[in-house]
Amino acid sequence: MMTHPLSLLIGWLLDLMVGDPQRLPHPVVWFGKMIAACERKLNRGTNRKLKGALTAVGLILFVFVFTWMLRKVLDTYALYLFDAIAIFYCLAGTTLIREVRAVFLALDRSLDEGRRQVARIVGRDTSELSAQEVRTAALETLAENLSDGVIAPLFWLAILGTPGMLAYKMVNTLDSMIGYKTDRYRAFGCWAAHIDDIANYIPARLTALLMLTFSPPKLGGVRGGLNRLKFVRKYGRNHASPNSGYPEAALAAILDCRFGGPHYYFGELFDKPYIGTNDRPLTTEDMKKAVRVNRTAEILMVAIVLLCQLAFFL
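So, a few notes on the structure that sits alongside this text.

Conventions used here
Residues numbered from 1 in each chain as written. Predicted model: local features only at pLDDT ≥ 70, side-chain atom pairs only at ≥ 80, totals over all residues. Heavy atoms only, no water. Disulfide = S-S within 2.5 Å. Buried < 20%, exposed > 50% of the residue type's maximum accessible area, 1.4 Å probe, protein only. Axes fitted to C-alpha atoms, helices over the stretch in contact; angles between N-to-C directions. Helix = DSSP H or I, 4+ residues; strand = E, 2+ residues; numbered from the N terminus. Parallel < 35°, antiparallel > 145°, perpendicular 65-115°, else oblique. Contact = heavy atoms within 4.5 Å. Nonpolar A, V, L, I, M, F, W, Y, C, P; charged D, E, K, R; others polar. Salt bridge = Lys/Arg side-chain N within 4 Å of Asp/Glu carboxyl O. Polar contact = N/O pair within 3.5 Å; in protein donor to acceptor, adjacent residues only side chain to side chain. Expected span 1.5 Å × (residues − 1). Arc of directions from axis to C-beta. Left-handed = near helix turned anticlockwise from the far one by under 90°. Patch = residues over 30% accessible without salt bridge, like charges linked within 9 Å, V, L, I, M, F, W, Y side chains within 5 Å. Areas by Shrake-Rupley, 256 points an atom, 1.4 Å probe, with all protein chains shown as cover.

Another aspect to go through is the state of the cysteines. Counted by the stated rule, this structure contains zero disulfides. C308 takes part in no disulfide bond, and the closest cysteine sulfur to it belongs to C90, at a distance of 18 Å. Look at C308 and you get partly exposed, because its relative accessible area is 38%.

This is the structure in structure tokens:
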């Protein structure tokens, strides 16, 4: 099931050059339609938790088995091409960075434009955010989605090949659509949220480690590698998610800033604890530093997976 290194290189380079294709069919869009159809039909009446569990497990297994069976019938070169395209679709590093840059550029023009732009990448209510909160939301998303959109897909690619990578994207899509503790999704999305927590447990901590270990000292922030690790250990738990706080805490340590705090989701206030203590103004320079950290961590993860693949094929 191991994917050939050439497929990873092609898929990753395509993401670097192109980002998410806007006008081509995207598997995550198909996943979203499947989830929405199941939610509309099953998220009603009694036994919602059981129905949600069957939906989550069933869709994840369907994606894994379908991909595994499809790969079995492809010849060598078609298989390499399929894997490269799948990897291209599963990685979101370039699009994520573009979106975060766009938030800061929009905010330079006006607060309203910044709010509208950041609403594209966060689930919270952005209509009342201050300029500082818009920048904070964008950088939190940059850190969190480095794990969800880059490191975790590559991790599952290394473990279970493209079937595992695509199945992970279904896990992530399920959580992003129904994994909320709101009245509508609390029962139905319970399993989706827990499966996502399990799937991201190692990748989230690996993301934080990659960010801290290879962030240049000249970027500033909390001084000393050991101090940064202590910072992440302390504040990484200050998040509703058991995983998302770790990459956010790593970036907060590097930038010496504060993330977290209360936010509105779907009209409900969630009182999140803070990650860090230095509530200083964030700037465009902070965004540029964060982007460099993200790219460095991404390149290193690709190198690690490539080494694993080469060891398998040689």
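With that out of the way, let us pick up the packing of helix α7 (residues 131-178) against helix α11 (residues 284-313). Packing of α7 against α11 brings their axes to within 10 Å, and their N-to-C directions diverge by 5 degrees. Of the possible angle classes, the one that applies to α7 and α11 is roughly parallel. Facing α7, whose interface residues are L139, L142, L146, V150, I151, L154, F155, L157 and A158, α11 presents D286, M287, A290, V291, N294, A297, E298, M301, V302, V305 and Q309. Of the residues contributing to the contact of α7 with α11, the split by class is 16 nonpolar, two polar and two charged.

With that settled, the discussion passes to the pattern of salt bridges. All chains considered together, the criterion is met by ten salt bridges. A salt bridge links R184 to E39; the nearest nitrogen and oxygen atoms lie 2.9 Å apart. Taken together, the positions of R184 in the loop between α7 and α8 (190-213) and E39 in helix α2 (residues 27-42) put the pair 145 residues apart, joining distant regions of the chain. A salt bridge links R120 to E99; the nearest nitrogen and oxygen atoms lie 2.6 Å apart. Separated by 21 residues along the polypeptide, R120 in the loop between α6 (111-118) and α7 and E99 in helix α5 (residues 93-109) bring together distant segments of the chain. By relative accessible area, E99 is classed as buried at 16%.

Topologically, E298 is positioned in helix α11. Within the structure, E298 has its side chain in polar contact with the side chain of W12 (distance 2.7 Å).

This part is about unusual backbone geometry. Phi at N47 is positive, roughly 55 degrees, even though this residue is not glycine. Looking at where N47 falls in the secondary structure, it is placed in the loop between α2 and α3 (48-73). Overall, the relative accessible area of 53% leaves N47 in the exposed class. Unlike most non-glycine residues, D256 shows phi in positive territory, near 55 degrees. Structurally, the position occupied by D256 is in the loop between α10 (245-255) and β1 (259-260).

This next bit is on α3. Look at α3: 38 Å from first C-alpha to last across 26 residues, which is about the 38 Å you get at 1.5 Å a residue. For α3, every residue scored as buried is listed here: G52, A53, T55, A56, L59, I60, V63, T67 and R71.

Further remarks concern helix α1 (residues 5-18). Here α1 is 14 residues long and its end C-alpha atoms lie 20 Å apart, about the 20 Å a rise of 1.5 Å per residue gives. Taken together, the buried positions of α1 are P5, S7, L8, G11, W12 and D15. One side of α1 carries all its buried residues, which in axial view fall inside an arc of 160 degrees. Just past α1, the residue G19 takes up positive phi, approximately 75 degrees.

Attention shifts here to the packing of α2 against α7. The relative placement of two packed helices comes down to the angle between their axes together with the axis-to-axis distance. Two elements in contact, α2 and α7, have axes separated by 10 Å at closest approach and are oriented at 50 degrees. The angle between α2 and α7 falls in the class oblique. Handedness of the α2/α7 crossing: right-handed. Every residue of α7 that contacts α2 at V28, F31, G32, M34, I35, A36 and E39 is listed here: L166, K169, M170, T173, L174, M177 and I178.

Another point: a nonpolar patch on the surface. A surface patch of nonpolar side chains, amounting to about 530 Å² of accessible area, comprises M1, V65, W68, M69, I159 and L160. Every element with two or more residues in the nonpolar patch is listed here: α3 and α7. Counting residues per element, the nonpolar patch draws most heavily on α3, which supplies three residues. Following the sequence through the fold, M1 ends up in the segment before α1. Given a relative accessible area of 41%, M1 falls into the partly exposed group.

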